[in-house]
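Below, each chain spelled out in residue letters.
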Amino acid sequence: ALPEAREVVPFHHLIRDSRRDNLDSSKGPKSETDHAPVSRVHGDYTTENAPMRLAQLQDQGRVSKDVKSYAIINTWRSLGDQPLRSKPLALLDATSKDFDAEFPYALIHDDKVGYNYSIAYDPRHQWTYYPKMIKDELLAFFTFDGRQQPPKIVFHTAIEEPSDHRQSAPPRRSIEVRSLVTFDN
C-alpha cells in the first residue's frame, strides 16, 4: 500500500507469453500486445526516460503539471489457470546493489529508440523469485522511485525455474501494468 500517494495513473500494459521468443517474434500467438518474457536483467526506466514519461502524462492532462514527486510502479500477475511454473519473475533487492553498477542500453524499434538499464553482475546481489504464482496473486514493485536520490530502480528478469518439471509446464501468460504514482511535493 502507498498511503502517502496522491494519485495512481495506469499508463501502459503488456501481456507476456513464453511461446514467443522476443518482442517482434513470428513465433507464438499473433497479437499486438503479446510479448515474450524478458530474460535479461533490466530496469524499465532510466533517470532520463522516467522524467520524460512524467512530462508526457502531464502534457496529456492525465497528471497535474505541478507534480514533482513521483514513482513508477509495475504490477504483475499470472493469467494462467495453474500455478506458474514457466519463466517466473525474479527481483533484485535494490539494497544489495550499487547505483554506479547500472548502465543504459538501447531498445531500437522501427519508429523510436528507447532506453532501459541493466546492471553488472555482483556476487553480493540478493535475488527473490516468485514461483508458482496463481492468478489471484499480484506482485507490485517500483521500477523507478524518483523520491530518492539516486532513484531506486528494482531490476527484474524472467528466469528458468530450477525444476525437473519445466518440460511439462504450461506456457507462461502474465500481464504487467505500469502506473505513475504521484505524491505531495
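Summarised in this report is the structure supplied together with it. No experiment lies behind these values; they were computed from the predicted model shown.

## Some thoughts on the overall build of the protein chain
Reasoning step 1: On a plain count of helices and strands, the protein chain comes out with one helix and 10 strands.
Reasoning step 2: When its helices and strands are written in sequence order, the protein chain yields β-β-α-β-β-β-β-β-β-β-β.
Reasoning step 3: Buried positions account for 43% of the 185 residues belonging to the protein chain.

## Focus: the pairing of strand 3 (residues 69–78)
Reasoning step 1: Of all 10 residues that make up strand 3, nine are buried, and the element is covered over most of its length.
Reasoning step 2: Taken together, the 10 bridges between strand 3 and strand 10 (residues 173–183) define a ladder with antiparallel strand orientation. Note that in strand 10 the partner of Asn 74 across the bridge is Arg 178.
Reasoning step 3: Sheet topology note: the strand 3/strand 8 (residues 139–145) ladder contains six bridges and is antiparallel. In the strand pairing of strand 8, Ile 72 is matched with Phe 144.

## Focus on the pattern of salt bridges
Reasoning step 1: Tallying each qualifying case throughout the model produces 12 salt bridges.
Reasoning step 2: Among the salt bridges present, the one from Asp 66 reaches Arg 6, with a minimum N-O distance of 3.6 Å. In this pair, Asp 66 sits in the loop between helix 1 (49–59) and strand 3 while Arg 6 sits in strand 1 (residues 5–17), placing the two residues 60 residues apart along the sequence.
Reasoning step 3: For Asp 66, a relative accessible area of 38% puts it in the partly exposed group.
Reasoning step 4: Salt-bridge contacts for Glu 102 lead to Lys 97; the nearest nitrogen and oxygen are separated by 2.5 Å. As far as burial versus exposure is concerned, Glu 102 and Lys 97 are alike and both buried.
Reasoning step 5: Salt bridges linked by common partners bring Arg 16, Asp 44, Glu 176 and Arg 178 together as one network.

## Digging into the nonpolar core
Reasoning step 1: Counting residues in hydrophobic clusters, the biggest one holds 17 residues, and the most contacted among them are Val 63, Tyr 70, Ile 72, Phe 144 and Leu 180.
Reasoning step 2: If you list the elements that add at least two residues to this core, you get strand 1, helix 1, strand 3 and strand 6 (113–119).
Reasoning step 3: Per-element accounting of this core gives the leading share, three residues, to helix 1.
Reasoning step 4: Aside from chain neighbours lying at most four places away, what touches Tyr 70 is Ala 50, Pro 51, Leu 54, Phe 144, Asp 145, Gly 146, Arg 147, Leu 180, Val 181, Thr 182 and Phe 183.
Reasoning step 5: Judged by nonpolar contacts, the second largest core, of 13 residues, contains Leu 89, Met 133, Leu 139 and Val 154.

## Details of the side chain of Ser 86
Reasoning step 1: Inspection of the secondary structure assignment puts Ser 86 in the loop between strand 3 and strand 4 (89–92).
Reasoning step 2: With residues near it in sequence (within four places) discarded, Ser 86 still touches Ser 18, Ala 169, Pro 170, Pro 171 and Arg 172.

## Structural notes on helix 1
Reasoning step 1: Within the sequence span of helix 1, burial applies to Asn 49, Ala 50, Leu 54, Leu 57 and Gln 58.
Reasoning step 2: Elements that come into contact with the buried residues of helix 1 comprise strand 1, strand 3, strand 6, strand 8 and strand 10.
Reasoning step 3: One or two steps after helix 1, the chain reaches Gly 61, where phi turns positive at roughly 80°.

## Comments concerning the sheet that holds strand 9 (residues 156–158)
In any sheet, the strands associate via hydrogen bonds between backbone groups, in a parallel or an antiparallel arrangement.
Reasoning step 1: One open sheet accounts for three strands, arranged 7-4-9; its pairing is antiparallel. With one partner strand each, in any of the chains shown, strand 7 (127–129) and strand 9 form the two edges of the open sheet. The sheet shows a mean angle of 25° between the axes of neighbouring strands, taken without regard to direction.
Reasoning step 2: Note: strand 4 against strand 7, three bridges, orientation antiparallel. From the neighbouring strand, Ala 90 faces strand 7, where its bridge partner is Tyr 129.

What counts and what doesn't
- Counting restarts for each chain: residues are numbered from 1 in the order of the written sequence.
- The model is predicted, so local features are restricted to residues of pLDDT at least 70 and side-chain atom pairs to those at 80 or more, both for listing and for counting; the totals for chains, interfaces and linings are taken over all residues.
- The side-chain values count all of the structure's non-hydrogen atoms but skip hydrogen atoms and water molecules.
- Helix numbering and strand numbering both begin at the N terminus, where a helix is a DSSP run of H or I of at least 4 residues and a strand a DSSP run of E of at least 2.
- Any residue under 20% of the maximum accessible area for its type is buried, any over 50% is exposed, and the rest in between are partly exposed; the area is computed with a 1.4 Å probe on protein chains only.
- Note: two strands are recorded as paired if DSSP finds a minimum of 2 bridges between them.
- We define a salt bridge as a side-chain nitrogen of Lys or Arg found within 4 Å of a carboxyl oxygen belonging to Asp or Glu.
- The definition of a nonpolar core used throughout is a set of buried Ala, Val, Leu, Ile, Met, Phe, Trp, Tyr and Cys residues joined through side-chain atoms within 4.5 Å.
- We call two residues in contact when some of their heavy atoms are within 4.5 Å.
- To get an axis, fit a line to the C-alpha atoms, keeping to the stretch in contact for a helix; angles then go from 0 to 180 degrees between the N-to-C directions.

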